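Chain by chain, the residues:
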Number of protein chains: 2
Amino acid sequence: MTDDFNLVMDDFLPLRDVVFNTLRKAILTGQLKPGERLMEVHLANKLGVSRTPIREAIRKLELEGLVVMIPRKGAEVAKISEKSLKDVLEVRRALDELIANLACSRITREQLSELKEAAEAFERATKTEDTTTIAKADIAFHDIIMEATGNLRLKQLVNNLAEQMYRYRFVYLKDETKHSMLVKEHSRIYNAILNNDKEAASEAARIHIDNQEKAIIAHIRMEMKEEEMGGNI
Amino acid sequence: MTDDFNLVMDDFLPLRDVVFNTLRKAILTGQLKPGERLMEVHLANKLGVSRTPIREAIRKLELEGLVVMIPRKGAEVAKISEKSLKDVLEVRRALDELIANLACSRITREQLSELKEAAEAFERATKTEDTTTIAKADIAFHDIIMEATGNLRLKQLVNNLAEQMYRYRFVYLKDETKHSMLVKEHSRIYNAILNNDKEAASEAARIHIDNQEKAIIAHIRMEMKEEEMGGNI
DNA sequence: AGATTGCATATTGTATACAAGAAAGTGCGG
DNA sequence: CCGCACTTTCTTGTATACAATATGCAATCT
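Residues numbered from 1 in each chain as written. Chains lettered and ligands numbered in written order. Predicted model: local features only at pLDDT ≥ 70, side-chain atom pairs only at ≥ 80, totals over all residues. Heavy atoms only, no water.

Turning our attention to the protein's contact with DNA strand D. Inspection of the region around DNA strand D gives 19 residues, with R51 of chain A together with L15, S50, T52 and R72 of chain B positioned closest. When the atoms of DNA strand D within 4 Å of the protein are sorted by group, sugar and phosphate make up 63%. In the environment of DNA strand D, a phosphate oxygen lies 2.8 Å from a nitrogen or oxygen atom belonging to the backbone of S50 of chain B. T52 of chain B places a side-chain nitrogen or oxygen 2.8 Å from a base nitrogen of DNA strand D. Of all elements in the fold, only β1 (37-38) and α3 (51-64) of chain A together with α1 (15-28) and α3 (51-64) of chain B reach the threshold of two or more residues within the surface near DNA strand D. (Near = heavy atom within 4 Å. Polar contact = N/O pair within 3.5 Å; in protein donor to acceptor, adjacent residues only side chain to side chain. Helix = DSSP H or I, 4+ residues; strand = E, 2+ residues; numbered from the N terminus.)

This next bit is on the domain arrangement of chain A. Residues and elements named next belong to chain A. On domain assignment, one finds that chain A holds domain 1 (15-77) and domain 2 (82-227). Put simply, the middle of domain 1 and the middle of domain 2, counted by C-alpha atoms, are 29 Å apart. On the side of domain 2, five residues touch domain 1, which itself brings seven residues to the contact. Counting each side, the surface lost to burial between domain 1 and domain 2 is near 580 Å², with a carbon and sulfur contribution of 46%. Of all residues in domain 1, the largest losses of buried area upon contact with domain 2 belong to L28, E64 and L66, amounting jointly to 66% of the total for that side. The interface formed by domain 1 and domain 2 contains one salt bridge. (Domains from an automatic or database assignment. Contact = heavy atoms within 4.5 Å. Buried area = accessible area lost by both parts, 1.4 Å probe. Salt bridge = Lys/Arg side-chain N within 4 Å of Asp/Glu carboxyl O.)

The two copies are related by a screw motion: chain A maps onto chain B through a turn of 180° and a shift of 0.1 Å along the axis, at an RMSD of 0.2 Å. Taken together, these values place the two copies in the relation of a two-fold axis. When the interface residues of chain A are mapped onto chain B, 96% of them are again interface residues, pointing to one common binding face. (Least-squares fit on C-alpha atoms with pLDDT ≥ 70 in both.)

Neighbouring residues of DNA strand C: 19 residues in total, closest L15, S50 and T52 of chain A together with M39 and R51 of chain B. The sugar-phosphate share of atoms of DNA strand C within 4 Å of the protein amounts to 63%. Between DNA strand C and the protein, one listed contact pairs a phosphate oxygen with a side-chain N or O atom of R16 of chain A at 3.3 Å. In the environment of DNA strand C, a phosphate oxygen lies 3.4 Å from a nitrogen or oxygen atom belonging to the side chain of R55 of chain B. Put simply, the parts of the chain that give the surface near DNA strand C at least two residues each are α1 (15-28) and α3 of chain A together with β1 (37-38) and α3 of chain B. Of all the elements, α3 of chain A adds the most residues to the surface near DNA strand C, at three residues. Looking at the surface near DNA strand C residue by residue, the class counts come to six nonpolar, three polar and 10 charged. (Nonpolar A, V, L, I, M, F, W, Y, C, P; charged D, E, K, R; others polar.)

Below you can see the structure in the form of structure tokens.
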């Protein structure tokens, strides 16, 4: 049982936020599985706090879409269907296009050189073959573009959407045959932004998401097949 | 004092949700003003419940961006700056374009005729000059398009964004000189969707938001001017 | 006079107690 | 052996009690 996630006491943060972060992380990393019930006293005992902070944390997770409430039954970790994932990706595609587009006109020289460095760092990371390193480099690259838009709300929304599919992020990063493609896609995005070519930037961003979608959907279908097989023994 | 909003008991809904809806409405309609503090005992007494449901409702409002938490100080109604409004509208523009685009290929015949009817109803409403009626007709029109996309997440996000600027909605609906323009814009959107012309639909949606943005920003600037004047007496 | 410290009070943060409803088990009758 | 009703227990929903901290005021010191 790797099931025992513990609180990282942050002392000055309210307990509800500590619990919120802890539970969110547990859901996103798969320690808490889709469909699993979140029982208040159980969590309270486990984390060594009372039910109150637990409940308040759940209210926030509920609005983030990570848990669903069943009236008079309690909270459970939200299941992600292929449909809901497609819905999320459909929105993300539009927002990522917007981000690339906005970044073209708003990026600073400094950010532009950071972006170049980040793209190179990502390429180096793919050589190391350590998925965590690659993932970090990927996030760093996209964070710079997002920052360049200067739109806080946009940033917040995209982060939340990305979160919904966090557990599938490694799927397309683990596949080494895709690495060179990812590097090319990044460089295409970088060049489009460099040239202030909004059309090209949007399209590059769209293609980037499209490819992720394909990989993730394929993975999900496989997972489902496996589950069926398991049930049919 | 129009300050006394009351609970609409929904009996089967948990109190926290009733409180949540009540407070949200109060914020959106301006009964609770930006910067105003939300004190738990005060609200609890006023609404005749204990602090617990109040707190849980505030947690949700917090995540919706309608209130901001100040640690150990409490919650207050979020202020909306011109910048944050522009941020919101920038995102909404992209999402409304997406909605119009998706609706083109996914709308059913039935929804199409509903949409035609809604557009006509909106035109009739502008003749009555009752702002509430007009607002309802406007919402109905856009709801049909949104529904046609079949994307639940998209719907949820756009609703939330629209909410942020709810109190300014009447600004562009009250101005009668704009009515004929709005009617034209709606009919443009309807025709584009009817013809399954995605490009045209997106553009029509974009223009629709652009015009709203102009009206709202102008209104906000005016409001701010007024405030300054008030302070400088 | 101004600043500073200490106290009183108000307000949030957390824990616990109590109420009510749902689910699961148990026993009885068919 | 199966099904239905009753009871028990578990879990959420709500209220309240207690703790910790910030704020404002006043008195005192410089």
